[in-house]
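Analysis of the macromolecular model
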Amino acid sequence: MSKKQNEEAHNGGDTQNAEITRGKKRKRKGGDAGVDLRKGAGKVTKFDDGGKQPIEEVLSAVPTTSTKTPKPTEPKSFSRVEEGEAPEVEQRLKGPRPDQPRGKYEKRPENVRDDPEQQREQPKKALSRPRKTPNGEQTTHRSPYLIKKRDELLPKRKALPIWSQADAIRQRLRENNVLVLTGETGSGKSTQVPQFLQSEDWCTKTIAITQPRRVAAISLARRVAEEMGSLFGAQSPAAKVGYSVRFDNAAGPNTKIKFLTEGMLLQEMLRDPDMKQYSAVVVDEVHERSVNVDLILGFLRNLVSRIGRGKGVRKHPLKVVVMSATADVEGLVNFFAEGLDEDLKAPETSGGPTTVSQAARDRISTCFVEGRQFPVKTTYLPEPTLDWVESALKIIFQIHYKEPLPGDVLVFLTGQDKIEALEKLVNDYAAAMDKDMPKLLALPLFAALPQQAQQRIFQPTPYRTRKVILATNIAETSVTVPGVRFVVDCGKSKIKQYRSNLGLESLLAKPISKSAAIQRQGRAGREAPGQCYRLYTENDFKTLEERTMPEILRCDLSQSLLTMKARGVNDVLHFPFLDRPPRETLGKALMQLFHLGALNEDGTVNDLGIKMAKLPVTPTLARIIVEAAKPEHDCLHDVIDIISALSTEDSIFFNIATEEKRERAEEARRNLYRREGDHMTFLVTVQQYAEEQTDRKAWCERHFVSHRAMQSVMNIRKQLRQQCTQLKLLSSEAPTSSSSPNTDAILACILRGFVSNTARLCPDGSYKTFFHNQLVAVHPSSVMHGRKIKAEAIVFSEFLFTNKSYAKKVSAVQMNWVGDVMKEVVPM
DNA sequence: GAGCACTGC
């Protein structure tokens, strides 16, 4: 079996590529879309549960009667433009109240990931009105506008399911220090719980509330400020509500409620391990189980149990609220109760068999709040399909022909390739539809899509049109698509898996979990009763894993372990993990940190490691930064430029679709490319971009460079310069002279971080890694790809497995340099 | 000459 086939078998017969090609051919050959679709329509008819019209009939002769309900659809989006709430808040509340239509803000595309520039602007806009008080005073939360807004919002708050539980929640937190709150979608927990708590006697300081995503943190802060009739952000010292996300800290001295991203709270924990500035920490969206949330929960468990033992320095004990949408209450209660139990045990017995005492369990409060969600009818495929792109296509048209407007369709697919394939098919077949039919508008949605294209899903639907949103996982949690009544779920998603034995990550399409399937299904019932079509059988559903494997079990842990070590958790093997990662993964991460020089012989963290932990990059990149600051290299400014380019998520040199354009791009980029490799190419690109003072956007267009990526690079560069100055690695934030870069020094530093990512040239022209003797190919996106004269050795900063092992972001190095670094790392 | 889901400091 070839590697490729092996992968496919692994993915559960994922043969879409072949199928798509076939579809394209058919289209070319036949020309008549309707005819083609009928050929393979057998499967879909079985979807019909009530003797409804099979798709082939629908498509071959569309009687106008089959479109019975489509009354001239008033463009629904206009009809709802009256009242409402900020979309991001809706997004958090997960599910509109039946009595409240979605509002005008809903059309604003803010719940798609914003770029940092935009995010900085938003709070200012929100503040501009109250600031303009007649007497021009530096306004306060007493502004009439704010008060009016607050009073307007109060009835809506009272209508939330969680409102009636306010007293119960307060009471339980008076009794105990930990509360596990399960709130279904639409319960209002994220906005209300901090407000319920802020007037409590024990609440003398700030309440922190964490969110997995930046947009959520900012928009929730804005919403809660409105509800409280307060300003928000750092602009006014009077603001009671603030937020803190990367690149944007907007918390003032009087901030009572502070929304922050999980990563930000972890960074704060490094500086203030006892969390002295907080009276309570609310951890929201725990069910998403990000690595960061698992770390936070572990730290908090240690903190509450230590304080429970009476060793805390606080006047009031820290209160912890853990909020989750799904009901793994038992697990969370046991987790915290176990911590209280361990306080009573001798240290050596901790981590032993986990029988949790009832006394400890009684000290953890629980609370359940129902949500608001419309019923969703679920239909399964009667038998499995190998080609769910085609199945999805049929279902889309079946819905379109059978179901009245309004009601958009949301299709969950695995990735960009499938989305684009299906988009084309939908457009092709839609073009062949009867003219009397309402139109279909296919809209792709994935993170790599440019902002503007993403925002199209929020634009009003044109007259007599049904939107079909073709989305990745992004629509499962991060983006709420309005207007959806039908969900089509392919049952798969791409999952990142870390292979600790090889030290590389791979991305494979795998079956989703039951909880993810339910989450997807729920997307159909947010505005009205909906329907969900699963492109797999009911039996398949039963065999799915109960829940998605937490990220901490599938990723490289070196960064997490460094954070733990830097926060004083030395014995990471006995850290209270909600799910304990495999021992090999932990061991591998410890070895890596040791090789990077962040740990002492005995495994304790050293000064270097503490510095590395405070830098917002992976330990490897942090090590390179620290190395570059050494006087013998003295190239930190240049290295920061390169690291900024390496750590931005979207690629600077984007891919170009057409052959002809590609040639022009290569030509335009030629003066940026460096023969030393990709890292020096990044350096030149960043520096030339930074030097461009007049029109950076035009510069990017001229050089076929992504402007969005470069803006992000500049943000990271600025932050790294600041932090390196604070850590005394850098004497001034701006480089003093602009001498030409010292390539050898820079590559030596990169080598120090990426020792294990090195390969030597073999006689047959291939590369094999020094450590594992594994064959790697230079990725075609590298400037080093296809060189006639090959370097004797390479270092690469990405190692990717798809159908073979690829080295991405590659630089040429000399054999003896690698030897020198290896001697330092693994002394013989 | 390949192809990358989604977050976050």
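Thresholds, definitions, all that
Residues numbered from 1 in each chain as written. Chains lettered and ligands numbered in written order. Predicted model: local features only at pLDDT ≥ 70, side-chain atom pairs only at ≥ 80, totals over all residues. Heavy atoms only, no water. Helix = DSSP H or I, 4+ residues; strand = E, 2+ residues; numbered from the N terminus. Buried < 20%, exposed > 50% of the residue type's maximum accessible area, 1.4 Å probe, protein only. Contact = heavy atoms within 4.5 Å. Areas by Shrake-Rupley, 256 points an atom, 1.4 Å probe, with all protein chains shown as cover. Pairing = 2+ DSSP bridges. Expected span 1.5 Å × (residues − 1). Axes fitted to C-alpha atoms, helices over the stretch in contact; angles between N-to-C directions. Salt bridge = Lys/Arg side-chain N within 4 Å of Asp/Glu carboxyl O. Near = heavy atom within 4 Å. Polar contact = N/O pair within 3.5 Å; in protein donor to acceptor, adjacent residues only side chain to side chain. Nonpolar A, V, L, I, M, F, W, Y, C, P; charged D, E, K, R; others polar. Phe/Tyr/Trp six-rings, centres within 6.5 Å; stacked < 30°, edge-to-face > 60°. Lys NZ or Arg CZ within 6 Å of the ring centre and 35° of its normal. pLDDT = per-residue confidence, 0-100.

Of regular secondary structure, chain A possesses 33 helices and 21 strands. In chain A, buried positions account for 55% of the 828 residues. Of the contacts made within chain A by residues no fewer than 6 positions apart, 73% connect residues no fewer than 24 positions apart. With the model as given, the accessible surface of chain A reaches about 35,900 Å², and the carbon-plus-sulfur share is 51%.

Within a regular beta strand, the side chains point alternately toward one face of the sheet and then the other, so they alternate between its two faces. Here strand β5 (residues 257-261) lies mainly inside the structure; five of its five residues are buried. Alternating positions in β5 separate into two faces, I257, F259 and T261 on one and K258 and L260 on the other, with burial throughout. Bridge count between strand β2 (residues 206-211) and β5: five bridges; the pairing is parallel. Within the sheet, the bridge partner assigned to Q211 lies in β5 and is T261.

A few words on helix α29 (residues 678-691). Over its 14 residues, α29 extends 20 Å from the first C-alpha to the last, a length consistent with the 20 Å expected when each residue adds 1.5 Å. With respect to burial, α29 is a largely interior element, 11 of its 14 residues being buried. Taken together, the buried positions of α29 are D678, H679, M680, T681, F682, L683, V684, T685, V686, Y689 and A690. In this fold, the buried residues of α29 make contact with α27 (636-646), α30 (696-703), α31 (707-726), α32 (743-753), β20 (793-801) and β21 (805-813).

Before going further, it helps to examine the sheet that holds strand β11 (residues 439-445). Ordered by their spatial adjacency, six strands build an open sheet running β9-β16-β13-β10-β12-β11, and the pairing between neighbours is parallel. Edge strands, defined here as strands with exactly one partner in the open sheet, are β9 (376-380) and β11. This sheet shows a mean twist of 20° between the axes of neighbouring strands, independent of strand direction. In the sheet, strand β13 (residues 484-489) pairs with strand β16 (residues 530-534) via four bridges, with the strands oriented parallel. Across the sheet, the residue bridging to F486 is Q531, located in β16.

For the rest of this paragraph, the subject is the pattern of salt bridges. Inspection of every chain in the model, using the stated rule, returns 27 salt bridges. Note that R150 is salt-bridged to D151, the shortest N-O span being 3.3 Å. Classification of D151 as partly exposed rests on a relative accessible area of 42%.

This next bit is on the protein's contact with DNA strand B. Within the structure, DNA strand B sits among 32 residues, and R214, A447, N655, T802 and K808 are positioned closest to it. Within the contact set of DNA strand B, a phosphate oxygen lies 2.4 Å away from a backbone nitrogen or oxygen of A447. Here a sugar or linking oxygen of DNA strand B and a side-chain polar atom of H785 are 3.2 Å apart. Of all elements in the fold, only α13 (262-271), β14 (492-499), β20 and β21 reach the threshold of two or more residues within the surface near DNA strand B. For the surface near DNA strand B, the leading source of residues is α13, giving three residues. When its residues are assigned to classes, the surface near DNA strand B shows 12 nonpolar, 12 polar and eight charged.

To continue, consider the packing of aromatic side chains. If you walk through the whole model with that rule in mind, you get 12 aromatic pairs. On the basis of an interplanar angle of 70° and a centroid distance of 6.4 Å, the ring pair of Y380 and Y536 is categorised as edge-to-face. One end of the pair, Y380, is in strand β9; the other, Y536, is in the loop between β16 and α22 (538-543), with 156 residues separating them in the sequence. Y536 matches Y380 in its accessibility class, with the two residues each being buried. Here the aromatic rings of F653 and F682 are separated by 6.3 Å at their centres, their planes lie at 20°, and the arrangement is stacked. Of this pair, F653 sits in the loop between α27 and α28 (659-669) while F682 sits in helix α29, placing them 29 residues apart in sequence. Residue F682 is classed as buried on the basis of its relative accessible area of 8%. Over the ring of F335 we find R301, and its NZ or CZ is 5.0 Å from the ring centre.

To continue, consider unusual backbone geometry. Omega for the peptide link from L405 to P406 comes to -5°, which places this bond in the cis form. Mapped onto the elements of the fold, P406 is located in the loop between α17 (388-402) and β10 (408-412). Phi at F704 is positive, roughly 55°, even though this residue is not glycine. With respect to the helices and strands, F704 occurs in the loop between α30 and α31.

So, about the sheet that holds strand β6 (residues 278-283). Spatial strand order, β4-β3-β5-β2-β6-β7-β1-β8: eight strands in an open sheet with mixed pairing. In this open sheet, the two edge strands, each paired with only one partner strand, are β4 (248-250) and β8 (364-369). Here the average twist between neighbouring strands, direction ignored, is 20°. Strand contacts of helix α10 (residues 166-175): β1 (178-183), β7 (319-324) and β8, with the helix running at about 155° to β1, the strand carrying the most contacts. The strands touched by helix α11 (residues 189-197) are β1, β2, β5 and β7; relative to β7, the strand with the most contacts, the crossing angle is about 165°.

Let's shift gears to the confidence of the model for chain A. The predicted model of chain A has a mean per-residue pLDDT of 78, with 79% of residues at 70 or higher. β6 holds the highest mean pLDDT among the elements of chain A, 95, whereas helix α6 (residues 76-79) holds the lowest, 28. Every residue in residues 1-141 scores below 50 in pLDDT, and together they form 275 contacts with partners more than four places removed in sequence or on other chains. pLDDT under 50 marks residues 347-352. Its contacts with residues more than four places away, or in other chains, come to three contacts.

This brings us to the pairing of β11. Extensive coverage of β11 is indicated by the burial of five of its seven residues. Here β11 runs beside strand β12 (residues 465-471); their pairing, made up of seven bridges, is parallel. Residue pairing for β12: P444 is matched across the bridge by L470.

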